[in-house]
Amino acid sequence: MDSTDQSERAKPGHSADTPDAPRLRKVRSSGPRPNPYMKRKPAANADPSHTKKQPRQDPVSCESCRKKKLKCDRNLPCSSCTTRKLPCNYTSHETAPSSYVKQGSQTEEQPSWDNKPVSRPLHSTPIIESRSRNRDDPLMTAEWLETILMGHRVPSIAPAPLKDELSQYSRVAAPQQTPISGSLLSLVRGARTASHENPATVHLPSFLPTKAEAMSLLQYYCNHLDWQYHIIIPSQTKRDICTLYERIACDDFNMQHLALLFAIVATALFYQLLSSESADFAEVCSRETAFLAGAALIQSNYVAYPSIEGLQATMIIGHHLSVATLSPSVSSLFLHGTFISQAKSLGLHTVDAVTSERNLKGCDRTTVELKRRLWWDLASYDWLLGFLSGPHQGTYTISPQHMNVRRPRNIEDEDIGNSDAEMSLAKPTCMSYTLHRLRLAEVCREIVDSTAAEHLQGIEVPYEKILLLDRKLHDAYSEIPAFFRFDQPSQREFAALYRERPEIAWQRAYIHQGYHSRFCRLHRQYFVRGAKDPRYSYSHVVSLQSARRVLEVKRIMDEEEPLFTPNSSLFWAVTHHVFMAAVILLIDVCFNWDDILAEKRKEEVLGACRMLSRAQQSSSVAREGISAMMGILHRHWKRERRADESQVEQQLVSSRDNSTLRDEQTSVPNAHGPKDGRSENQVHVLPPTTYSATDEFGQVPLEDIWSEILDSSGQIQLETPDWMDLLTELTNATAPCE
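Residues numbered from 1 in each chain as written. Predicted model: local features only at pLDDT ≥ 70, side-chain atom pairs only at ≥ 80, totals over all residues. Heavy atoms only, no water.

### Examining the overall build of the protein
- From N to C terminus, the protein includes 27 helices and 2 strands.
- The buried share among the 738 residues of the protein stands at 47%.
- Sequence-distant contacts in the protein: of pairs separated by 6 or more residues, those separated by 24 or more amount to 70%.
- In the structure as shown, the protein presents an accessible area of about 38200 Å², 51% of it carried by carbon and sulfur atoms. (Helix = DSSP H or I, 4+ residues; strand = E, 2+ residues; numbered from the N terminus. Buried < 20%, exposed > 50% of the residue type's maximum accessible area, 1.4 Å probe, protein only. Contact = heavy atoms within 4.5 Å. Areas by Shrake-Rupley, 256 points an atom, 1.4 Å probe, with all protein chains shown as cover.)

### Observations concerning the UniProt feature "domain: Zn(2)-C6 fungal-type" (unreviewed entry) in the protein
- Taken from the UniProt record, the annotation "domain: Zn(2)-C6 fungal-type" (unreviewed entry) applies to residues 61–90.
- The distance separating the terminal C-alpha atoms of residues 61–90 is 7 Å; by composition the span is 40% helix and 0% strand. (UniProt positions renumbered as here; feature names shortened; annotations may be inferred.)

### Here we look at the nonpolar core
- By size, the foremost hydrophobic cluster in this structure holds 165 residues, and its most contacted members are Leu204, Leu258, Leu261, Phe579 and Trp706.
- A total of 16 residues in this core trace back to one element, the largest contributor, which is helix H10 (residues 255–275).
- For Leu258, the contacting residues outside a window of four places in its chain are Leu204, Leu208, Leu244, Phe253 and Ala296.
- Ranked by size, the runner-up nonpolar core spans 8 residues in total, among them Cys62, Leu70, Cys81 and Tyr90. (Core = buried A, V, L, I, M, F, W, Y, C linked by side-chain atoms within 4.5 Å.)

### Focus: the packing of helix H9 (residues 234–248) against H10
- Between H9 and H10, the least distance of the axes is 10 Å, while the angle of their chain directions is 115 degrees. Of the two elements, H9 crosses H10, and the hand of that crossing is left-handed. For the pair H9 and H10, contact is made by Thr237, Asp240, Ile241, Leu244 and Tyr245 and by His257, Leu258, Leu260, Leu261 and Ile264, respectively.
- Partitioned by chemical class, the residues of the contact of H9 with H10 number 7 nonpolar, 2 polar and 1 charged. (Axes fitted to C-alpha atoms, helices over the stretch in contact; angles between N-to-C directions. Left-handed = near helix turned anticlockwise from the far one by under 90°. Nonpolar A, V, L, I, M, F, W, Y, C, P; charged D, E, K, R; others polar.)

### Some points on the side chain of Glu369
- Along the chain, Glu369 falls in helix H15 (residues 365–386).
- A polar atom in the side chain of Glu369 sits 3.2 Å from the side chain of Arg372. (Polar contact = N/O pair within 3.5 Å; in protein donor to acceptor, adjacent residues only side chain to side chain.)

### Side note on the packing of aromatic side chains
- Per the stated rule, a full pass over the model turns up 17 aromatic pairs.
- Ring centres of Trp227 and Trp506 lie 5.9 Å apart, and the angle between their planes is 55 degrees; this geometry places the pair in the tilted category. With Trp227 in the loop between helix H8 (211–224) and H9 and Trp506 in helix H20 (residues 502–530), the pair connects residues that are 279 residues apart, well separated along the chain.
- Residue class for Trp506 comes out buried when judged on its relative accessible area of 4%.
- Connected via pairs of aromatic rings, a cluster forms that spans Trp227, Phe270, Tyr271, Trp506, Tyr510, Phe564 and Phe571.
- One Lys or Arg, Arg521, reaches over the ring of Phe387 and ends 5.3 Å from the middle of that ring. (Phe/Tyr/Trp six-rings, centres within 6.5 Å; stacked < 30°, edge-to-face > 60°. Lys NZ or Arg CZ within 6 Å of the ring centre and 35° of its normal.)

### Let's talk about the pattern of salt bridges
- For the structure on display, the rule yields 24 salt bridges.
- Close ionic contact of Lys465 with Glu454 constitutes a salt bridge, the shortest N to O distance being 3.0 Å. Of this pair, Lys465 sits in helix H17 (residues 463–478) while Glu454 is found in helix H16 (residues 432–457), placing the two residues 11 residues apart along the sequence.
- On the basis of relative accessible area, Lys465 is assigned to the partly exposed category, the value being 25%.
- Assessed through its relative accessible area of 9%, Glu454 is described here as buried.
- Put simply, Lys602 and Glu599 hold a salt bridge, and the shortest N to O gap is 3.8 Å. Of this pair, Lys602 and Glu599 both sit in helix H23 (residues 598–618), 3 residues apart, which is roughly one turn of that helix.
- When salt bridges with common partners are traced through the structure, they connect Asp352, Glu369, Arg372, Arg406 and Arg409 into a single cluster. (Salt bridge = Lys/Arg side-chain N within 4 Å of Asp/Glu carboxyl O.)

### Structural notes on unusual backbone geometry
- The amide bond that connects Glu561 to the next residue, Pro562, takes the cis arrangement and shows omega of -5 degrees.
- Relative to the assigned elements, Pro562 resides in the loop between helix H21 (537–559) and helix H22 (572–591).
- Of note, the amide linkage connecting Thr565 to Pro566 takes the cis form, showing an omega dihedral of 0 degrees.
- Relative to the helices and strands, Pro566 resides in the loop between H21 and H22.
- Even without being a glycine, Asn301 presents a positive backbone phi close to 55 degrees.
- Residue position: Asn301 is located in the loop between helix H11 (279–299) and helix H12 (308–320).
- Residue class for Asn301 comes out partly exposed when judged on its relative accessible area of 37%.

### Things to note about the environment of Ala313
- With respect to the helices, strands and loops of the structure, Ala313 is situated in helix H12.
- Note: C-alpha distance between Ala313 and Leu258 (55 residues apart in sequence) is 9.2 Å.
- Contact partners of Ala313, with chain neighbours within four places excluded, come to Ala259, Leu260, Ala263 and Phe334.

### Some remarks on the confidence of the model for the protein
- For the protein, per-residue confidence averages 74 on the pLDDT scale, and residues scoring 70 or more make up 65% of the total.
- Every residue in residues 1–32 is under pLDDT 50, and counting partners more than four places away or in other chains gives 20 contacts.
- Segment residues 642–693: pLDDT under 50, and 48 contacts once partners within four positions in sequence are set aside and those in other chains are kept. (pLDDT = per-residue confidence, 0-100.)

### Description of H20
- Taking 1.5 Å as the rise per residue, H20 with 29 residues should run 42 Å; its terminal C-alpha atoms sit 40 Å apart, in good agreement.
- The axis of H20 is deflected most strongly, by about 70 degrees, at Arg524.
- With respect to burial, H20 is a largely interior element, 26 of its 29 residues being buried. (Expected span 1.5 Å × (residues − 1). Bend = angle between axes of the 7 residues up to and from the residue.)

### So, the environment of Asp240
- Its location among the elements puts Asp240 in helix H9.
- Judged by relative accessible area, Asp240 falls into the buried class, the value being 18%.
- Spatially, the C-alpha atom of Asp240 lies 9.1 Å from that of Leu261, the residues being 21 residues apart in sequence.
- Beyond its immediate stretch of four places on either side in the chain, Asp240 contacts His257 and Glu309.

### A look at the packing of H17 against H20
- Look at H17 against H20: their axes get within 10 Å of each other, and the N-to-C directions meet at 175 degrees. Comparing their axes, H20 and H17 come out roughly antiparallel. On H20, the residues touching Tyr463, Ile466, Leu469, Asp470, Leu473, His474, Ala476 and Tyr477 of H17 are His512, Tyr515, His516, Arg518, Phe519, Leu522, His523 and Tyr526.
- Per-class residue counts for the contact of H17 with H20 are 10 nonpolar, 4 polar and 2 charged. (Parallel < 35°, antiparallel > 145°, perpendicular 65-115°, else oblique.)

Have a look at this one:
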């Protein structure tokens, strides 16, 4: 190689590594032939900007991903190895994966799946910024390849539990749809699920979310769920969780504090994931985390040694989640009867008694106030259940004569320990809704006391007693403060309050739905006959007004600011009230199909039906619940149709002459026969129900079904007892999964 060629290659801009570099010439020499691909050092006077470029992509995958030809997300350990329970190792010439390297620091803390930072020295490499990667890309790729190669074998060799986990995982939404990551995803995405283990021996700290995730979910719970049952003091709970994470490092922590954390995580996860349209993932994740809360209670021997934090944990799960979906090994901890039993063990029913521990030894004011809140929450829930159909109907467990507990003060959480003063009920606080809900519960308890004898004997409640109880319910309703009202002056006055504290507006909607649904229930026995008999017309009018009010409140929840977060359709109580109100209007049309305003009332019913359809599309909870209640409604409707059609046939048979009876019987159509060929005195009967269109969930649109019921309403001879049974069954329809 001559000196001219060498000098040309040494010039800046003509490096052998550049695209414009000339091809190497064949060298004729007796010495060893130079390697044309040998790297050369840049000349001393070379421009640093034109030095040798870094390779296009460094081999940064772990050993397992390189062997399996999978895309590695470069975490330590990576998600692929974590899912397959394989050791995740990087070779010595590769650097450990990094999300971001900070200049000027000596070490970098790399977060890992077990929430333990990994420190490593920095190298003299340029700053590497992390790319936005889908953490589940390698998992999806692996599943796709394994399905091609082994898909036909997996169903025959996989055990049933593994099949269930695979099917659950296949329905999990992508990470960009769910804000949860890290160790929380391992609850359902990993091969290990908590509910498959023994609750008495499962290692609970290994399932803990990171502290940042825990605080984020606590904040979500306080912002969007705590306003329904204000049974925690957020600042105190936050302090307990921080202490818990500090003590876990020393392996010396309070198990019942851990149970409270898992309860909050389970509830917040459920509604947060439902809001992101990940219903299957929400149910699985909340079930697993609720199991961990139950396991923490079992390991702390909560039944024998209850605590305030343990009671809070059980009440949070019992109020917000369906116990029927939980693991049988822990579900008994979250029943209403268990709450009351444990509260009595803690002496909550004697907080203000002379012989109470508080009066004998003294107690912190915050603790005393918290105990009052917990006890009155249990009492109000117990009394509200007593005025609903079901196993609790006509009875309750907590008697006012068997307790000595003052009402909770109408005061903000941060002012509890300052003094014994409290604010007027006309002033909004975090306890306003709880106190007015308690007032409604007290009236429900009085209704149960007044109607218990008739309920147990199976006789009608005298109408005079219904009117007396209606007055008590109206008196309590009139006590609602201005900031909980829907009239225009109140809305204008408190518009700024609703923007600052949206939970006040949400509580306003809840309290109105609660009252108006109870008006409908109180008057249902005389609702139908009130349309024909003037003596009971008041019940007919009040029922229709209250049903329309329930629907109007639901419209406000969905359309007016501040909108419910999460959507109001995710709360089964709201959807249940709406369905019951729609059925009240439907029954009114069926009993008054010849009314001059019949068409307008039919449109009103279809408007409520469209509201239910929107709830179906926004929530799997509402979808399953509405399907269950539609089954009850459809069963009663078909029974009424069959009864009416049999009466028509009997009338036709009795009107014919005996000589032609046998011939005419063959021409009389049955319940599903066509209309053509009928005699003039035959009553029109609908053909068999056939629907050509279904929604995205494979169900017949509600509007089609309800339209058919309305179209045939004039042909059904309805009886009050039959439709009373319908209303009772619909009221008894609890959460869909139950």
